[in-house]
Amino acid sequence: MDKLTPKSYKEFCASFALRVPEKFNFAYDVLDDIAAKAPTRKAIIHVGPDGVRREYDFRWLAQASARLADALAQRGVGKGDRVMLLLYRRIEFWVSMMALHRLGAVAIPSPHLLTEKDIVYRAKAASITTCICEDSVAEVVQAAAAKSPSMTTLVQCGPGQLLPGWEHYDHICATAADTFPRPADAAGGEDALLIFFSSGTTGNPKMVEHRHTYALGHYVTGTYWHNLEPGDVHLTVADTGWGKAVWGKMYGQWMAGATVFVYDFRGRFDPAALLDVMARGGVTSFCAPPTVYRFLIRQDLERYDLSKLRYCTTAGELLNTSVFEDWKTQTGLEIREGYGQTETTLQIATFSFMTPKPGSIGKPVPGWDIVLKGVDGALCSPGEEGEICVRLDPDNPVVGLFNEYVNEPDKTAAVKCDGYYHTGDKAWMDEDGYFWFLGRVDDLIKSSGYRIGPFEVESALVSHPAVVEAAVTGVPDPVRGQAVKATIVLANDTEGTQELVRELQQHVKRVTAPYKYPRVIEFVDELPKTISGKIKRAEIRQRDMECSC
């Protein structure tokens, strides 16, 4: 569909409509269509750990995914089978995703940091039949497969020694057909497309199942939030093992006419290396969590030619005003926020035709009927805090909303109830209709009658030059009920002294409401995080409770 050019958010909502083809399947309806009409159009620019740049066009991707689909079909993988992918940012990830879409198999993108125990849990919970993984994690997968009877087909990528009982990706594809015609019963539409294991902060992760229409739901992500034009080169900083990767590394970007840029770095994140790759790669559109921007603005940006970069976005945590302003001062570019979950596509965003408000996640995406509901279930007025909820219409399903938590109907019913999907996230809306994220419902701190969102205090803290990361939680207090505590990672060569504690407390008082300042500050080397990089505040709270006993 043609990209709209609205002059305002109101005009966008009035004119935008998403047409959902019957039995939509991204591999056949988008990938193959592009490959037929523009076979040499660049799909992916890939910079590997060796620093070598490789380019792949849509004709290559269509043929490579067809070969893998044929090879897997010969090994009994078919519609509805669940396939785990542990591939870092290897090019085989994109080929595998498209091949599984062709087969109607259900992809389970997984982080390379999974332990044997993690893989065993996932294999048994999801009845995984097949795993395609990189050689560096093959031994861990093999040990897990020995304890997982359902996982019988193992495919290894890379130059490492092939393990016994495995087949090599290159070998099985070498003799396969380079076409895979659409089967008469091809999966599509409301059929299962993929499963994400959500990165929960407590308990076992839930299995979030999405339909084939989920891919189409990302059209807004690429075309309007990333604001991509044909010929753009887009880089999203995300591991392929979690949901943000498919937000920024395939569906929406290709539908918008852009090329996906992949930087397959290994080991510790290096902001200078990322900037160098962006400059040499001609990246025009960039999306990363605020933490990455915080590292980038500490570099000498004048050393890098970012003249082709024209648009920047962020999601995953709150963007504090100081990072927004520093990035704009140094690059001339604004950072536009967005909000969504593993269970959804983009729900709320700041688009190009909106004036960004630093710290605001923006306004609802057309098709997402977003409201805020108070603890009593009533709808909130501007200025009132409430839970972000999506109004559901059985006759007009929300494109991009998850289908269910697999095998957990009670948990699905708990969040899809009373005609709404309950996100579990808190926010408030201002008089202009902009939403301001506060945090998870369970993360809110109640101190002396005040309700304090952790992001508000974290945002104030990370605006101080000594602070790299901060997690804010509540700790028991005999007078206040709860006191605000900050767990902080300091910049290199910064010492966590009592003098710095007082300085940070005064800094927070100046930046935000004084009652929100952290009365307790702890300095640590690193924060506990989920595999997807989200701070485990629940783990910090649990540790504090154990220490106080």
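Residues numbered from 1 in each chain as written. Predicted model: local features only at pLDDT ≥ 70, side-chain atom pairs only at ≥ 80, totals over all residues. Heavy atoms only, no water.

Enquirer: Could you give me a rundown of the overall build of the protein, with the residues and numbers involved?
Expert: Within the protein, the secondary structure is distributed over 18 helices and 27 strands. Relative to a compact globule of 549 residues, whose C-alpha radius of gyration would be 24 Å, the protein shows 23 Å and is just as compact. Across the 549 residues that make up the protein, the buried fraction comes to 58%. A fraction of 66% describes how many contacts in the protein between residues 6 or more apart in sequence connect residues 24 or more apart. Taken as a whole, the protein presents about 22700 Å² of accessible surface, with 49% of it coming from carbon and sulfur. (Helix = DSSP H or I, 4+ residues; strand = E, 2+ residues; numbered from the N terminus. Rg over C-alpha atoms; globule rule 2.2 N^0.38 Å. Buried < 20%, exposed > 50% of the residue type's maximum accessible area, 1.4 Å probe, protein only. Contact = heavy atoms within 4.5 Å. Areas by Shrake-Rupley, 256 points an atom, 1.4 Å probe, with all protein chains shown as cover.)

Enquirer: Explain the environment of Val277 residue by residue, including any values.
Expert: The residue Val277 is located in helix H12 (residues 271-281) in this model. In sequence terms Val277 and Tyr263 are 14 residues apart; their C-alpha atoms lie 7.6 Å from each other.

Enquirer: Break down the pairing of strand S27 (residues 520-523) for me, with residues and values.
Expert: In this sheet, S27 lies alongside strand S26 (residues 481-490) in parallel orientation, the contact comprising four bridges. Bridging from a neighbouring strand, Ala486 pairs with Ile521 of S27. Read as a crossover between parallel neighbours, the route from S26 over helix H17 (residues 498-511) to S27 is right-handed. (Pairing = 2+ DSSP bridges. Right-handed = clockwise from strand over helix to strand, strands pointing away.)

Enquirer: Please provide a residue-by-residue account of the sheet that holds strand S14 (residues 335-340), values included.
Expert: Taken together, nine strands build an open sheet; the order of strands is S2-S1-S11-S10-S12-S13-S14-S15-S16 and the sheet is mixed. Both outer strands of the open sheet, strand S2 (53-57) and strand S16 (363-364), are each paired with one neighbouring strand and no more. Looking at chain direction, strand S10 (residues 233-236) and strand S12 (residues 285-287) are connected through three bridges and run parallel. The partner of Thr236 across the bridge, within S12, is Cys287. Strands in contact with H12 are strand S1 (42-47), S2, S10, strand S11 (259-263) and S12; relative to S11, the strand with the most contacts, it is inclined by about 145 degrees. (Axes fitted to C-alpha atoms, helices over the stretch in contact; angles between N-to-C directions.)

Enquirer: Give a description of the pattern of salt bridges that names residues and reports values.
Expert: All told, the structure shown has 28 salt bridges when counted by the stated rule. Linking Glu167 and Arg75 is a salt bridge whose minimum nitrogen-to-oxygen distance equals 2.7 Å. Remark: Arg75 occurs in the loop between helix H3 (58-74) and strand S3 (82-86) and Glu167 occurs in strand S7 (residues 167-168); sequence separation between them is 92 residues. Its salt-bridge partner being Glu334, residue Lys328 comes within 3.3 Å of it at the nearest N-O pair. Residue Glu334 is classed as partly exposed on the basis of its relative accessible area of 25%. (Salt bridge = Lys/Arg side-chain N within 4 Å of Asp/Glu carboxyl O.)

Enquirer: Explain the nonpolar core to me, using residue names and the numbers behind them.
Expert: Counting 95 residues, the largest nonpolar core has Met97, Ile132, Tyr251, Trp254 and Phe351 as the members making the most contacts within it. Not counting residues within four places of it along the chain, the set of residues in contact with Trp254 comprises Phe26, Ile34, Arg41, Ala43, Ile44, Phe58, Leu61, Trp94, Met98, Lys249 and Val260. In this structure, Val47, Val233, Leu319 and Ile335 belong to the second largest nonpolar core, which totals 30 residues. (Core = buried A, V, L, I, M, F, W, Y, C linked by side-chain atoms within 4.5 Å.)

Enquirer: Account for the packing of aromatic side chains, naming residues and giving values.
Expert: When we look at a pair of aromatic rings, we describe it by the centre distance and by the angle of the planes. Applying the stated rule across the entire model yields 25 aromatic pairs. When the centroid spacing of 5.3 Å and the interplanar angle of 65 degrees are considered together, the rings of Phe12 and Phe351 count as edge-to-face. With Phe12 in helix H1 (residues 9-15) and Phe351 in the loop between strand S15 (346-349) and S16, this pair connects stretches of sequence that are 339 residues apart. Grouping residues by exposure puts Phe12 and Phe351 together as buried. (Phe/Tyr/Trp six-rings, centres within 6.5 Å; stacked < 30°, edge-to-face > 60°.)

Enquirer: Talk me through the side chain of Glu134; I want residue IDs and the actual numbers.
Expert: With respect to the secondary-structure elements, Glu134 resides in strand S5 (residues 130-134). In terms of polar contacts, Glu134 uses its side chain to reach the side chain of Arg266, at 2.9 Å. Beyond its immediate stretch of four places on either side in the chain, Glu134 contacts Leu86, Leu87, Tyr88, Arg90, Cys157 and Arg266. (Polar contact = N/O pair within 3.5 Å; in protein donor to acceptor, adjacent residues only side chain to side chain.)

Enquirer: Provide a residue-level description of the sheet that holds strand S25 (residues 467-477), including the pertinent values.
Expert: Read across the open sheet, the three strands follow the order S25-S26-S27; overall the sheet is mixed. Whereas interior strands pair on both sides, the edge strands pair on one side only; in this sheet they are S25 and S27. Adjacent strand axes in the sheet meet at a mean angle of 25 degrees, parallel and antiparallel pairs treated alike. Of the strands in this sheet, S25 and S26 are in contact with helix H16 (residues 454-462), which crosses S25 at around 140 degrees. Seen against the sheet, H17 touches S25, S26 and S27 and runs at an angle of roughly 125 degrees to S27.

Enquirer: Could you give me a rundown of the environment of Asp393, with the residues and numbers involved?
Expert: Relative to the elements of secondary structure, Asp393 occurs in the loop between strand S18 (385-391) and strand S19 (404-405). What makes Asp393 partly exposed here is its relative accessible area of 38%. For the pair formed by Asp393 and Gln63, sequence separation is 330 residues and the distance between their alpha carbons is 39 Å. Polar side-chain contacts of Asp393 include one of 3.0 Å to the backbone nitrogen of Asp395.

Enquirer: Before we move on, could you go through the packing of helix H5 (residues 116-126) against helix H6 (residues 138-145) and cite the residues and values that matter?
Expert: Packing of H5 against H6 brings their axes to within 8 Å, and their N-to-C directions diverge by 50 degrees. Accordingly, the angle class assigned to the pair H5 and H6 is oblique. The crossing of H5 and H6 is right-handed. In this structure, H5 contributes Glu116, Ile119 and Val120 to the contact, and H6 contributes Val140, Val141, Ala143 and Ala144. For the contact of H5 with H6, the per-class residue count stands at six nonpolar, no polar and one charged. (Parallel < 35°, antiparallel > 145°, perpendicular 65-115°, else oblique. Left-handed = near helix turned anticlockwise from the far one by under 90°. Nonpolar A, V, L, I, M, F, W, Y, C, P; charged D, E, K, R; others polar.)

Enquirer: Go over unusual backbone geometry, please, and point to the residues and values.
Expert: Even without being a glycine, Tyr88 presents a positive backbone phi close to 50 degrees. Relative to the helices and strands, Tyr88 is located in the loop between S3 and helix H4 (91-103). When its relative accessible area of 14% is taken as the criterion, Tyr88 is described as buried. Backbone geometry at Asn227 places phi at a positive 55 degrees, although glycine is not the residue there. Position of Asn227 relative to the elements: it lies in the loop between helix H9 (219-225) and S10.

Enquirer: Can you explain the state of the cysteines? Please cite residues and give values.
Expert: Evaluation of the coordinates by the stated rule reveals zero disulfides. Free cysteine: Cys287, not disulfide-bonded; nearest cysteine sulfur from Cys312 at 9.2 Å. For Cys287, a relative accessible area of 0% translates into the label buried. Judged by its relative accessible area of 0%, Cys312 is buried. (Disulfide = S-S within 2.5 Å.)

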